[in-house]
Amino acid sequence: MRRVLAAGLLVTATATACSGVPAAPATDFATGADTSGAAKRIAWGPCTDITRANGEKPASQDPAVRCAKLPVPLDYAKPDGEKIDIALIKISAAEPGDRVGSLVFNFGGPGASGVDTLDQAAKALASLRTRYDLISFDPRGVERSAGVRCGSGPELDRFMAMNTLPQGAKTRNETDEANKQFAKLCERDSGDILPYVGTVNAARDMDRIRAAVGDPKLNYFGMSYGTQLGAVYATLFPKKVGRMVLDAPLYPEVSFRQRTIAQTRGFQQTYESFLKNCVKESCEIGKDYATADANVEKLMRQLAAKPLRVGNRELTQGLASTGVAAALYSQLSWPFLETALAEAMKGRGDALLYLSDNYTGRRSDGTYNTQMTSFPAITCVDTAERPSEAELRATEAAALKISPLFGSEGSGGLCRVWPAKGSNQAKHVNATGSAPILVVGGRHDPATPYQWAPKMTAALRTATLLTYEGVGHGAYLSGNKCVAGAVDGYLLEGRMPEKGADCPSA
């Protein structure tokens, strides 16, 4: 599972790092016609179950933060049939007299909780809150919205702790068997929801949200996987697109092999940048690049042979690799990664284990949120691709040649045995007829490589690309003033950046 999911597209990992839309009344109740014509009413109330990545509640709760549930069809082919609840969160506009409408967020994944993330990211989004009600949600199959569950905490611990080294038939066979066991647990615990968790249905849910909050068009900010969700929405409902920003685009038309190779190369290049940056001054893990790289490789071999004891747990090589990958999402995490690696080399694995747990959604009580279970559930139903054994081995060989640390067979190995069928509908996007869309691509993004940004821009037909020259996954939350100014200018005032616009690294 670590091999399959370590390069998951989670903007939340960085936490340890057009024409105007008419204003709607700033009220806790709004009605609107949904796509089936049935009026819905959202009753906003206090948020009672906000959590952080470790499962702890925030120290205090802003009374302006409100939560609700919106019932939607489990199967849109049967709109009057069984319903599931979509969990929502709203932070009302700070300047209601100048309110544009609602701005809906998806922060990535697939599998990240929008409810928890928006609450945590509210301060970073303060400029957008001046004119928008900020809204997010747990997409279907995620956490509070019929979240996909696959086994117990101890069972997930075993999957997440699996090593990727040493390379060879033994490790590969262990991965294959783990994929089969995991898929069976998902079918056992969440079989009823698995066929319906895909991005197309999530986009239809967003249109229900748009209607229920009373907005004639959807204003939307998608990050990482959220860019695919936004692009699919714009494909299904082009005339209902308001102001839309897609940051760190996941180009949906790539194959499992293409995605795996691109992400492996992206993480390896960012890892190399981390090492080079570290040795510019006093680096705790090595005096020069070659020494630091060799020391990390030695650490991983040692952990594969003998994990480090951390309390009543162990830091395996698989967990350590996940911790390294998690810290590469944001340059702000690099100093912590340096310390974590240095401590592990001295026999203390707490910091690397913390990075891994934060990424995989493991709580302090040993339970997990749905990040690592929603991810494959959505990924596998969003494509009909089911690679053969030969295709998986070719992908693995190519990826391992790029990076023994980050290379793998990718998600194809798990999707090959997934119990729910997949569809290619979410792979093809074309927003012809929509309002202008702003795509923001990072030149040195490890998880969504830059080459996907111009491809997404071209596929949408109505998009403009803004390039960020910096390092890290996602540009808007990087702290870069140029990116923030361009995105805010578009969302708040409708000013689209010029074609070919570029923001230098801070």
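What you see is a predicted model; the values in this text were computed from it and never measured.

Trainee: What should I look at first to understand the overall build of the chain in this one?
Mentor: A tally of helices and strands in the chain yields 17 helices and 16 strands. Its C-alpha atoms give the chain a radius of gyration of 22 Å, within 12% of the compact-globule value 23 Å for 506 residues. If one aligns the C-alpha atoms of the chain with their principal axes, the spans along those axes are about 60 × 50 × 45 Å. Taking all 506 residues of the chain together, the buried fraction comes to 61%. Accessible surface computed for the chain: about 19100 Å², of which carbon and sulfur atoms make up 51%.

Trainee: Please explain helix α5 (residues 169–190) as it appears in this structure.
Mentor: Because each turn of an α-helix spans 3.6 residues, side chains separated by three or four positions end up pointing in the same direction. If you check α5, its first and last C-alpha atoms are 31 Å apart, about what 22 residues at 1.5 Å a residue would give, namely 32 Å. Of all the residues in α5, the buried ones are T171, T175, D176, A178, N179, F182, A183, L185, C186 and S190.

Trainee: When you look at the state of the cysteines in this model, what are you seeing that I'm missing?
Mentor: Disulfide: a covalent bond connecting the sulfur atoms of a pair of cysteines. A complete count under the given rule lists 5 disulfides for this structure. One disulfide bridge connects C47 with C67, the sulfur atoms lying 2.0 Å from each other. Taking the torsion about the sulfur-sulfur bond, which here is approximately 95 degrees, the covalent link between C47 and C67 counts as right-handed. On the criterion of sequence distance, the pair formed by C47 in the loop between β4 (45–46) and β5 (65–73) and C67 in strand β5 is long-range, its members being 20 residues apart. By relative accessible area, which is 13% here, C47 ends up buried. You can call C67 buried: its relative accessible area is 13%. Between C150 and C186 runs a disulfide, and the two sulfur atoms are separated by 2.0 Å. Taking the torsion about the S-S bond as the criterion, the C150 to C186 disulfide, at about 110 degrees, is right-handed.

Trainee: Would you take a moment to explain the packing of helix α4 (residues 153–160) against α5 for this structure?
Mentor: The packing of two helices is summarised by the inter-axis angle and the distance between the axes. Running from N to C, α4 and α5 cross one another at 150 degrees; their axes reach a closest spacing of 11 Å. Overall, the two elements α4 and α5 adopt an arrangement that is roughly antiparallel. In this structure, α4 meets α5 at a crossing whose hand is left-handed. Taking contact as the criterion, the partners of E155, L156 and F159 in α4 are, on α5, A178, Q181, F182, L185 and R188. Each residue belonging to the contact of α4 with α5 can be placed in one class, and the counts come to 5 nonpolar, 1 polar and 2 charged.

Trainee: Please clarify how unusual backbone geometry should be interpreted in this entry.
Mentor: Comment: phi is negative for the bulk of residues other than glycine, and the bulk of peptide bonds are trans. The amide bond that connects G109 to the next residue, P110, takes the cis arrangement and shows omega of 0 degrees. Within the secondary structure layout, P110 lies in the loop between β8 (108–109) and α2 (114–121). Omega for the peptide link from L165 to P166 comes to 0 degrees, which places this bond in the cis form. Inspection of the secondary structure assignment puts P166 in the loop between α4 and α5. A positive phi angle is found at A146, which is not glycine, with a value near 50 degrees. With respect to the element layout, A146 can be found in the loop between β9 (132–137) and α4. The phi dihedral of S224 falls on the positive side, at around 60 degrees, and the residue is not glycine. Of note, S224 is situated in the loop between β10 (218–223) and α7 (225–236). S224 sits in the buried class, given a relative accessible area of 0%.

Trainee: Teacher, can you tell me more about the nonpolar core here?
Mentor: One recurring pattern in soluble globular proteins: nonpolar side chains tend to sit buried together. Grouped together as the largest cluster of nonpolar side chains are 115 residues, with contacts concentrated most on I285, V324, L352, W418 and L460. For this core, the element with the highest residue contribution is helix α8 (residues 256–278), accounting for 7 residues. Not counting residues up to four positions away in its chain, the partners in contact with V324 are Y271, M300, L337, L341, L352, L405 and F406. Within the second largest apolar cluster, 35 residues are counted, among which are V65, L118, L491 and A501.

Trainee: Teacher, can you tell me more about the pairing of strand β7 (residues 101–106) here?
Mentor: Residues in a regular strand project their side chains so that they alternate between the two faces of the sheet. Burial within β7 is extensive, with 6 of its 6 residues counted as buried. Where β7 and β9 come together, 5 bridges link them in parallel fashion. Note that in β9 the partner of S102 across the bridge is D133.

Trainee: Just to check I follow, could you spell out the sheet that holds strand β16 (residues 502–503) for this structure?
Mentor: Each strand in a sheet pairs with another by means of backbone hydrogen bonds, the pair being arranged parallel or else antiparallel. What the 10 strands build is an open sheet, ordered β4-β5-β6-β9-β7-β10-β11-β14-β15-β16; its pairing is mixed. Strand pairing shows two members of the sheet lacking a second neighbour, β4 and β16, which therefore form its edges. Direction of pairing for strand β14 (residues 437–444) relative to strand β15 (residues 463–471): parallel, over a ladder of 7 bridges. Bridging across to β15, G442 finds its partner in Y468. Contacting β5, β6 (83–91), β7 and β9, α2 crosses the sheet at an angle of about 0 degrees to β6. Sitting on the sheet, helix α16 (residues 452–460) touches β11 (241–247), β14 and β15, and the angle it makes with β15 is about 170 degrees.

Trainee: What is the right way to read the packing of aromatic side chains from this model?
Mentor: Within a pair of aromatic rings, the relevant descriptors are the distance that separates the centres and the angle that separates the planes. Per the counting criterion, the structure on display carries 12 aromatic pairs. Aromatic pair F159 and F182: ring centres 5.4 Å apart, planes at 90 degrees, arrangement edge-to-face. With F159 in helix α4 and F182 in helix α5, this residue pair connects regions lying 23 residues apart in the sequence. The same class applies to F159 as to F182, namely buried. With a centroid separation of 4.9 Å and 40 degrees between ring planes, the pair formed by Y233 and F237 is classed as tilted. In this structure Y233 comes out as buried when scored by relative accessible area, which is 0%.

Definitions and cut-offs
Residues numbered from 1 in each chain as written. Predicted model: local features only at pLDDT ≥ 70, side-chain atom pairs only at ≥ 80, totals over all residues. Heavy atoms only, no water. Helix = DSSP H or I, 4+ residues; strand = E, 2+ residues; numbered from the N terminus. Rg over C-alpha atoms; globule rule 2.2 N^0.38 Å. Buried < 20%, exposed > 50% of the residue type's maximum accessible area, 1.4 Å probe, protein only. Areas by Shrake-Rupley, 256 points an atom, 1.4 Å probe, with all protein chains shown as cover. Expected span 1.5 Å × (residues − 1). Disulfide = S-S within 2.5 Å. Axes fitted to C-alpha atoms, helices over the stretch in contact; angles between N-to-C directions. Parallel < 35°, antiparallel > 145°, perpendicular 65-115°, else oblique. Left-handed = near helix turned anticlockwise from the far one by under 90°. Contact = heavy atoms within 4.5 Å. Nonpolar A, V, L, I, M, F, W, Y, C, P; charged D, E, K, R; others polar. Core = buried A, V, L, I, M, F, W, Y, C linked by side-chain atoms within 4.5 Å. Pairing = 2+ DSSP bridges. Phe/Tyr/Trp six-rings, centres within 6.5 Å; stacked < 30°, edge-to-face > 60°.

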